[in-house]
Amino acid sequence: GAVVSQHPSWVICKSGTSVKIECRSLDFQATTMFWYRQFPKQSLMLMATSNEGSKATYEQGVEKDKFLINHASLTLSTLTVTSAHPEDSSFYICSATQAAYNEQFFGPGTRLTVL
Amino acid sequence: AQSVTQPDIHITVSEGASLELRCNYSYGATPYLFWYVQSPGQGLQLLLKYFSGDTLVQGIKGFEAEFKRSQSSFNLRKPSVHWSDAAEYFCAVGPYSSNTGKLIFGQGTTLQVKP
């Protein structure tokens, strides 16, 4: 089956620094990648949809200048949390797909803790 | 409005007992329905999906779900629960082509299994 990886699996950073999270499709070309945020004991909240070579489409209420998304290749999308603050601490999950698929394939998630 | 409701936030069952997790949806187009399972600190694993055809869908790990259009429901069942089934379960609805629209998740149901 289609495999999606995320790196790092967890990261701790100081307030005010930026953190980059990578999402890779390992065995297929992902024309579309999604980024989700999940707070403890809550559901997944879609942050943005990114199509390869295009600007990401952000959901309402998500700050595009704070959560920078780049999808420069068919196998890699990155989420950069800029000037992170403790309230950005969360579990970030990506998913990837392409037109030939009828489901999204999810990465294992990245736990971000901002001190 | 498009939405997914999982009425039960938390369910406890005894090992070996049967299980049913409820899911109701509201979706403007033909619904394509999914059940995912998430273990603590992990990404999402697809249990099963329904697109068309037989309304009783078989999935992995002995799970099945039944699509009932008249009730706008897609309940997940398992005849005999194992302790390893303890996890968070999410129902989701989305478009047929996974890259053309977003998945809408329910709030999740936490399953606890008593020995």
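You'll find the structure just up there.
Remember, predicted model here, so these are calculated numbers, not experimental data.

*Asks:* Could you clarify how one ought to interpret the packing of aromatic side chains in this entry?
*Replies:* Each pair of aromatic rings is reported with the distance of its centres and the angle of its planes. According to the stated counting rule, one finds 18 aromatic pairs over all chains in the structure shown. Seen in terms of ring centroids, Tyr32 of chain B and Phe51 of chain B are 5.1 Å apart; in terms of plane orientation they differ by 75°. Their pairing is edge-to-face. Of this pair, Tyr32 of chain B sits in strand β5 (residues 32-38) while Phe51 of chain B is found in the loop between β6 (44-50) and β7 (56-58), placing the two residues 19 residues apart along the sequence. For Tyr32 of chain B, a relative accessible area of 16% corresponds to the buried category. Looking at Phe51 of chain B, the relative accessible area reads 14%, which means it is buried. Centroid distance Phe34 of chain B to Tyr36 of chain B: 6.1 Å. Interplanar angle 20°. Geometry classified as stacked. Given the relative accessible area of 1%, Phe34 of chain B is considered buried. For Tyr36 of chain B, a relative accessible area of 1% corresponds to the buried category. Feature note: the residues Phe34, Tyr36 and Phe106 of chain A together with Tyr32, Phe34, Tyr36, Phe51, Phe90 and Phe105 of chain B constitute an aromatic cluster, connected by ring pairs.

*Asks:* What exactly am I supposed to notice about the interface of chain B and chain A here?
*Replies:* Bring the parts together and some accessible area is lost; that lost area is often taken as the interface size. In this complex, chain B contributes 21 residues to the contact, which on the side of chain A involves 22 residues. Both faces combined, the contact of chain B with chain A buries some 1,700 Å², and carbon together with sulfur accounts for 52% of it. In this assembly, chain B and chain A are joined by two salt bridges. Glu103 of chain A serves as the salt-bridge partner of Lys49 of chain B, at 2.7 Å between the closest nitrogen and oxygen. Our count for the chain B to chain A interface comes out at five residue pairs in polar contact (both at pLDDT 80 or more). Counting only elements with at least two residues in the side of chain B that touches chain A, the list comes to β5 and β6 of chain B. A class-by-class count of the residues in the side of chain B that touches chain A yields nine nonpolar, 10 polar and two charged.

*Asks:* Just checking my understanding: could you explain the pairing of β6 of chain B for this structure?
*Replies:* Within a regular beta strand, the side chains point alternately toward one face of the sheet and then the other, so they alternate between its two faces. Residues and elements named next belong to chain B. Alignment of β5 against β6, held across six bridges, turns out to be antiparallel. Along β6, the bridge assignment pairs Tyr36 with Leu46. Linking two consecutive strands that pair antiparallel, namely β5 and β6, is a turn of five residues; a positive phi of about 70° is found at Gly41 within it.

*Asks:* How should I be thinking about the nonpolar core in this particular structure?
*Replies:* Most often, soluble globular proteins keep nonpolar side chains buried together rather than apart. With 28 residues, the main nonpolar core has Leu19, Trp35, Leu47, Leu48, Phe74, Leu76 and Tyr89 of chain B as its most contacted residues. Of all the secondary-structure elements, those providing two or more residues to this core are β2 (10-14), β3 (19-21), β5, β6, β8 (64-68), β9 (73-78), β10 (87-94) and β12 (109-114) of chain B. At four residues, the largest contribution of residues to this core is made by β10 of chain B. Formed by 26 residues, the second largest nonpolar core is a distinct cluster that contains Phe28, Met47, Phe67 and Val81 of chain A.

Criteria and thresholds
Residues numbered from 1 in each chain as written. Chains lettered and ligands numbered in written order. Predicted model: local features only at pLDDT ≥ 70, side-chain atom pairs only at ≥ 80, totals over all residues. Heavy atoms only, no water. Phe/Tyr/Trp six-rings, centres within 6.5 Å; stacked < 30°, edge-to-face > 60°. Helix = DSSP H or I, 4+ residues; strand = E, 2+ residues; numbered from the N terminus. Buried < 20%, exposed > 50% of the residue type's maximum accessible area, 1.4 Å probe, protein only. Contact = heavy atoms within 4.5 Å. Buried area = accessible area lost by both parts, 1.4 Å probe. Salt bridge = Lys/Arg side-chain N within 4 Å of Asp/Glu carboxyl O. Polar contact = N/O pair within 3.5 Å; in protein donor to acceptor, adjacent residues only side chain to side chain. Nonpolar A, V, L, I, M, F, W, Y, C, P; charged D, E, K, R; others polar. Pairing = 2+ DSSP bridges. Core = buried A, V, L, I, M, F, W, Y, C linked by side-chain atoms within 4.5 Å.

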